[in-house]
Amino acid sequence: MKKYICIILAVIMAAACCSCSGDLKTNKKQRYQSGFLDLFDTYSNIIAYDTSEKAFDEHYEQFYNKLAEYDKLYNIYNSYDNIVNLCTLNTQAKDGPVKVDSRIIDLLEYCRYVYELSNGLTNVCYGSVLSIWHDYRQQGTDNPEAASLPDMNELKKASQHTDFENLVIDKENSTVYFKDPQLKLDVGAIAKGYAVREISKWAKENLWTSAAISIGGNICTFGFKNDDGKTLWNIGIENPDLSKEDYLVNVKITDLSVVTSGDYQRYYTVDGKKYCHIINPETLMPSEYVASVSVICDDSALGDALSTTLFNMPIDEGKKLIESMNNVEAVWVDKEYNKHFSTGFENYIEK
């Protein structure tokens, strides 16, 4: 898959460069595109308008390096020299307050807001449960014939160490402490969207006037397609029905984000049944309400958090939550691949 993505990307890049070469004598910004596979465990793609290929390459490198900082800070699986990150917290914060970068404090403060907004359905303190599922999913992926499910007693025991109140965030001193020694952080439901929000805001201020940034299922747009001040970005939302080649829907947006959570990419199979990576804290099992949820809003961090929250709710309850919020829309795809829209979502669909 990575090989084919790279080949496709190379063809796109070659075409983009050829189409731009005739306009180098003008000051009109041209479209450039590039991508990478090594941050946030996902494929990322950047489309931006710049004055030249050289300028784009320089800006792209700055963008990549900045995003790499967030990737290292928010990583729960790997530690790095001279960096105190979330992996460090998961091993050391039980012993006393740990001094961290302000970007970790800000993320965890936002995670508290999401915890309250979702009534606990999106809880970054669920790492003790999620790590069990991660290990079983990894084993099942590596050795499908031996794939199995975690023992429910093991999951229930781990769930006793997920209380958000045991996460002590001291913003003034920039420290984090776990009152429960067995508490573990897993920020997978929020961190990527939060990083996309922060780096997109930085890129808009420092690099480009028009761009579409896709980090996995998190897409953030600003400015306009063609950098013309009027043409909206056309974003295709993935279809969870992989037998279909078309996108689920195409939406026209700018200065908005689209974030999708689904059961069709990260999963494993046990006895013929598919188990996705999104765990419902009420059942301690992979959520089974829908095949995917996509959220449109002006905040990628909120979109990321809401897509996970909605994935863990029945559609009718999720609709009530979305209808209670301003400037937020969503589309759900149920297990039979039927689409369900919030009131204003269809206003964004390309006609």
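What counts, and at which threshold
- Residues numbered from 1 in each chain as written.
- Predicted model: local features only at pLDDT ≥ 70, side-chain atom pairs only at ≥ 80, totals over all residues.
- Heavy atoms only, no water.
- Patch = residues over 30% accessible without salt bridge, like charges linked within 9 Å, V, L, I, M, F, W, Y side chains within 5 Å.
- Areas by Shrake-Rupley, 256 points an atom, 1.4 Å probe, with all protein chains shown as cover.
- Salt bridge = Lys/Arg side-chain N within 4 Å of Asp/Glu carboxyl O.
- Lys, Arg positive; Asp, Glu negative; His and termini not counted.
- Charge placed at Lys NZ, Arg CZ, Asp CG, Glu CD.
- Helix = DSSP H or I, 4+ residues; strand = E, 2+ residues; numbered from the N terminus.
- Buried < 20%, exposed > 50% of the residue type's maximum accessible area, 1.4 Å probe, protein only.
- Pairing = 2+ DSSP bridges.
- Axes fitted to C-alpha atoms, helices over the stretch in contact; angles between N-to-C directions.
- Parallel < 35°, antiparallel > 145°, perpendicular 65-115°, else oblique.
- Left-handed = near helix turned anticlockwise from the far one by under 90°.
- Contact = heavy atoms within 4.5 Å.
- Nonpolar A, V, L, I, M, F, W, Y, C, P; charged D, E, K, R; others polar.

Trainee: Looking at this model, I keep getting lost on a negative patch on the surface. Mind explaining?
Mentor: The grouping of Glu53, Asp57, Glu58 and Glu61 at the surface amounts to a negative patch. Its place among the elements puts Glu61 in helix H2 (residues 53-73).

Trainee: Help me out: how do you make sense of the pattern of salt bridges in this one?
Mentor: Here the idea is simple: oppositely charged side chains can pair when their charged atoms come close. Evaluation of the coordinates by the stated rule reveals 11 salt bridges. Its salt-bridge partner being Arg197, residue Asp299 comes within 3.0 Å of it at the nearest N-O pair. With Asp299 in the loop between strand S15 (292-297) and helix H8 (300-311) and Arg197 in helix H7 (residues 191-206), this residue pair connects regions lying 102 residues apart in the sequence. Of the charged contacts, one joins Asp263 and Lys274 as a salt bridge, the two residues approaching to 4.0 Å between their closest N and O atoms. Here Asp263 is found in the loop between strand S10 (257-262) and strand S11 (267-270), whereas its partner Lys274 is found in strand S12 (residues 273-276), with 11 residues between them in sequence. Assessed through its relative accessible area of 6%, Asp263 is described here as buried.

Trainee: I keep staring at unusual backbone geometry and nothing clicks. Help me out?
Mentor: Both trends apply: most residues other than glycine have a negative phi, and most peptide bonds are in trans. Phi at Asp227 takes a positive value of approximately 50 degrees, unusual for a residue other than glycine. Turning to its location among the elements, Asp227 is positioned in the loop between strand S7 (218-222) and strand S8 (233-237). Classification of Asp227 by relative accessible area gives partly exposed; the value is 26%. One non-glycine residue, Asp271, lies in the positive phi region at around 50 degrees. Its place among the elements puts Asp271 in the loop between S11 and S12. Residue classification places Asp271 among the exposed positions, given a relative accessible area of 81%.

Trainee: Honestly, the pairing of strand S4 (residues 167-170) in this entry has me stumped. Any pointers?
Mentor: Moving residue by residue along a regular strand, the side chains alternate between the two faces of the sheet. Here S4 shows one buried face, formed by Leu167 and Ile169, and one open face, formed by Val168 and Asp170. Examined bridge by bridge, S4 and strand S5 (residues 175-178) share 4 bridges and lie antiparallel to one another. Residue pairing for S5: Ile169 is matched across the bridge by Val176. If you look at the hairpin formed by S4 and S5, you'll find 4 residues sitting between the two strands, and Ser174 has a positive phi there, around 55 degrees.

Trainee: Is there a simple way to think about the packing of H2 against H7 in this case?
Mentor: A pair of packed helices is characterised by two quantities: the angle between their axes and the separation of those axes. Remark: H2 packs on H7, axes separated minimally by 10 Å, with the N-to-C direction vectors making an angle of 150 degrees. Comparing the axis directions of H2 and H7 gives the class roughly antiparallel. Seen from above, H2 lies across H7 with right-handed handedness. Residues Gln62, Phe63, Lys66, Leu67 and Tyr70 of H2 lie in contact with H7, whose contacting residues are Ala195, Glu198, Ile199, Trp202 and Ala203. In terms of residue class, the contact of H2 with H7 is built from 7 nonpolar, 1 polar and 2 charged.

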